[in-house]
Amino acid sequence: MSHSPFRHIGSVFRKRGPIQLTFFLTGICNASCPFCFYLSGKKSGKTNPELSLDEIEKVSRSLGKLLWLAFSGGEIFLRKDIVNIAKIFYRNNKPAIMLFPTNGLLTDVIKDNIELVLEHCRKSTVALKLSIEGTEHVHDSIRGKGSFKKTIKTYEALKGLSGKYPNFELGVNSVFCSVNQDGMDDLVNFVRGLEMIKTHTVSLIRGDVPYDGLKTVDMEKYKKTITLLASNLRSGQSGRYRFKGAKIKAAQDIVQRDVIFKTVASNRFQIPCYAGKLNLVLTESGDVYPCESFDMQLGNVRDSGYDIDNILNESSAKKIIRSIQDKECFCTHECYLMTNILFNPAMYPKLMKEYLQL
């Protein structure tokens, strides 16, 4: 496959350590969305002090180059030093893609800060994802009255940046749950009509949430939604990222949704997971996990000299990472499935099939 779109992927395996980092910047939020695991009280360390810029600098220096840096929270733009945090990782780790998810409620703060990031991080693709859970009534029933209009106001403020900064990718993410599953066709069509939106991702509700009824999802309705999203991608009705390799990322999105459907439908392992090897999670208080399950803590950077390698080389951490493979651990976390698919040669035939249809 020397001339295939996958030819560059193998080189990543020669890098030691993670290539994907999810960094929870803060547990603070200006919304109370019912599917947030912070509300469930399940997330560890949320009452401990947030990592300072100096501490983040030390952690960043202990990491090598990153393919994918995903910030998370909480509402990440409530951290007043978010631009400096992005600059630290850009300088030390040169991430190919930096992801900024937001509820979109702080229009001016979001626009001003993301433009500063774009100015300083010109060699990274800066992807900002607005959370939209449905058309206005549905969205507001989930995220609070008036939140839809505020998020659309933020979209209007941001869409002009796409022409100004070629490294900017503006997208939408929606959490598929019991409340909005009957309105997903309307939502997909609405997002498709938004100018300058490059991608629309739909994340199946996951993890420990305070309201279990939200997880009572009809998987046939989920299947219908992912089929529509795939059809829109193949026909060109939906946009996709502009960065190099965006076409293979679009193919991966289609394959990933099918893996998620099969995982839930069968409640069984589908493909190997590289959590703890290629992927890591860092919380705002310095806890390190192989993934978002938050029940397999590897250590804390404050106890390891802020060196990720020191944590990963501990026998207890190695045992946890081995157990992920041994017990054929599985979940529906989209960010992790991205890596599990892109770096699994057994998935390349499916990826190539979708790639050729785009």
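Source: prediction; values computed, not measured. (Residues numbered from 1 in each chain as written. Predicted model: local features only at pLDDT ≥ 70, side-chain atom pairs only at ≥ 80, totals over all residues. Heavy atoms only, no water.)

Colleague: Looking at this structure, I do not really get the overall build of the protein chain. What am I missing?
Modeller: What the protein chain contains, in helices and strands, is 14 helices and nine strands. Computed over its C-alpha atoms, the radius of gyration of the protein chain comes to 19 Å, within 12% of the 21 Å expected for a compact globule of 358 residues. The principal-axis extents of the C-alpha atoms in the protein chain amount to approximately 50 × 45 × 40 Å. The buried share of the protein chain, reckoned over its 358 residues, is 56%. Only carbon and sulfur atoms are counted for the fraction: they give 51% of the accessible area of the protein chain, which is about 15,600 Å². (Helix = DSSP H or I, 4+ residues; strand = E, 2+ residues; numbered from the N terminus. Rg over C-alpha atoms; globule rule 2.2 N^0.38 Å. Buried < 20%, exposed > 50% of the residue type's maximum accessible area, 1.4 Å probe, protein only. Areas by Shrake-Rupley, 256 points an atom, 1.4 Å probe, with all protein chains shown as cover.)

Colleague: Where do I start with the nonpolar core in this structure?
Modeller: Looking at soluble globular proteins, one finds that nonpolar side chains tend to be buried together. In terms of nonpolar packing, the biggest core is built from 106 residues, with Phe23, Phe71, Phe89, Phe100, Ile114 and Leu128 touching the most fellow members. Of all the elements, helix H10 (residues 246–266) adds the most residues to this core, at nine residues. With residues up to four places along the chain from it excluded, the contact list for Leu128 reads Phe77, Phe100, Thr102, Ile110, Ile114, Leu158, Phe168, Glu169, Leu170 and Gly171. If you look at the next biggest cluster of nonpolar residues, it comprises 11 residues, including Ala275, Val281, Ile324 and Tyr336. (Core = buried A, V, L, I, M, F, W, Y, C linked by side-chain atoms within 4.5 Å. Contact = heavy atoms within 4.5 Å.)

Colleague: How should the state of the cysteines be read in this particular structure?
Modeller: In the structure shown here, the tally under the stated rule is zero disulfides. Cys329 takes part in no disulfide bond, and the closest cysteine sulfur, belonging to Cys291, lies 6.0 Å away. You can call Cys329 partly exposed: its relative accessible area is 24%. (Disulfide = S-S within 2.5 Å.)

Colleague: Explanation requested: the packing of H10 against helix H13 (residues 334–342) in the structure shown.
Modeller: Two measures define how a pair of helices packs: the angle their axes make with one another and the distance between the axes. Taken N-terminus to C-terminus, the directions of H10 and H13 make an angle of 110°; their axes are 9 Å apart at the nearest point. Looking at the two axes, H10 sits roughly perpendicular to H13. Considering only the axes of H10 and H13, their crossing is right-handed. For the pair H10 and H13, contact is made by Ile248, Lys249, Gln252, Val255, Gln256, Val259 and Ile260 and by Glu334, Leu337, Met338, Ile341 and Leu342, respectively. Grouping the amino acids of the contact of H10 with H13 by side-chain chemistry returns eight nonpolar, two polar and two charged. (Axes fitted to C-alpha atoms, helices over the stretch in contact; angles between N-to-C directions. Parallel < 35°, antiparallel > 145°, perpendicular 65-115°, else oblique. Left-handed = near helix turned anticlockwise from the far one by under 90°. Nonpolar A, V, L, I, M, F, W, Y, C, P; charged D, E, K, R; others polar.)

Colleague: Whenever I open this one, the side chain of Ser62 confuses me. Can you help?
Modeller: Here Ser62 shows up in the loop between helix H2 (53–61) and strand S2 (68–73). One polar contact links the side chain of Ser62 to the main-chain amide nitrogen of Ile308, over a distance of 3.1 Å. If we ignore the near neighbours within four places in the chain, the residues touching Ser62 are Tyr306, Asp307, Ile308 and Asp309. (Polar contact = N/O pair within 3.5 Å; in protein donor to acceptor, adjacent residues only side chain to side chain.)

Colleague: Hey, could you run me through the pattern of salt bridges in this one?
Modeller: A pair can form between side chains of opposite charge whenever their charged atoms are brought close. Tallying each qualifying case throughout the model produces 21 salt bridges. In this structure, the salt-bridge partner of Lys111 is Glu115, at a minimum N-O distance of 3.4 Å. Highlighted residues: Lys111 and Glu115, both in helix H4 (residues 107–120), separated by four residues, approximately one helical turn. Classification of Lys111 by relative accessible area gives partly exposed; the value is 27%. Here Lys224 ties to Asp185 by a salt bridge, and the two come within 3.2 Å at their closest N and O atoms. (Salt bridge = Lys/Arg side-chain N within 4 Å of Asp/Glu carboxyl O.)

Colleague: Is there a simple way to think about the side chain of Gln181 in this case?
Modeller: Of note, Gln181 is situated in the loop between strand S5 (168–176) and helix H8 (184–192). On the accessibility criterion, Gln181 (12% relative accessible area) is buried. Those residues in contact with Gln181 that lie beyond four places of it in its chain are Phe176, Thr216, Val217, Asp218 and Lys221.

Colleague: Help me understand unusual backbone geometry, please; the structure alone is not making it clear to me.
Modeller: Outside of glycine, negative phi angles account for most residues, and trans bonds account for most peptide bonds. Phi is positive for Lys94, which is not a glycine, with a value near 45°. Position of Lys94 among the secondary structure elements: in the loop between helix H3 (82–93) and strand S3 (97–102). For Glu328, which is not glycine, the phi dihedral falls at a positive 50°. With respect to the element layout, Glu328 can be found in the loop between helix H12 (315–326) and H13. In this structure Glu328 comes out as partly exposed when scored by relative accessible area, which is 41%.

Colleague: I keep staring at helix H6 (residues 147–158) and nothing clicks. Help me out?
Modeller: Residues that lie three or four places apart on an α-helix share one face, since the helix turns once every 3.6 residues. Here H6 contains 12 residues, and its C-alpha end-to-end distance of 17 Å stays within 8% of the 16 Å for a straight helix at 1.5 Å per residue. When we look at burial in H6, the residues that qualify are Ser147, Phe148, Thr151, Ile152, Thr154, Tyr155 and Leu158. Angularly, the buried residues of H6 cover 155° about the axis, an arc narrow enough to put them on a single face. Those residues of H6 that are exposed and angled more than 90 degrees off the buried face are Lys149 and Lys153. (Expected span 1.5 Å × (residues − 1). Arc of directions from axis to C-beta.)

Functional significance is not addressed by these values, which are geometric in nature.
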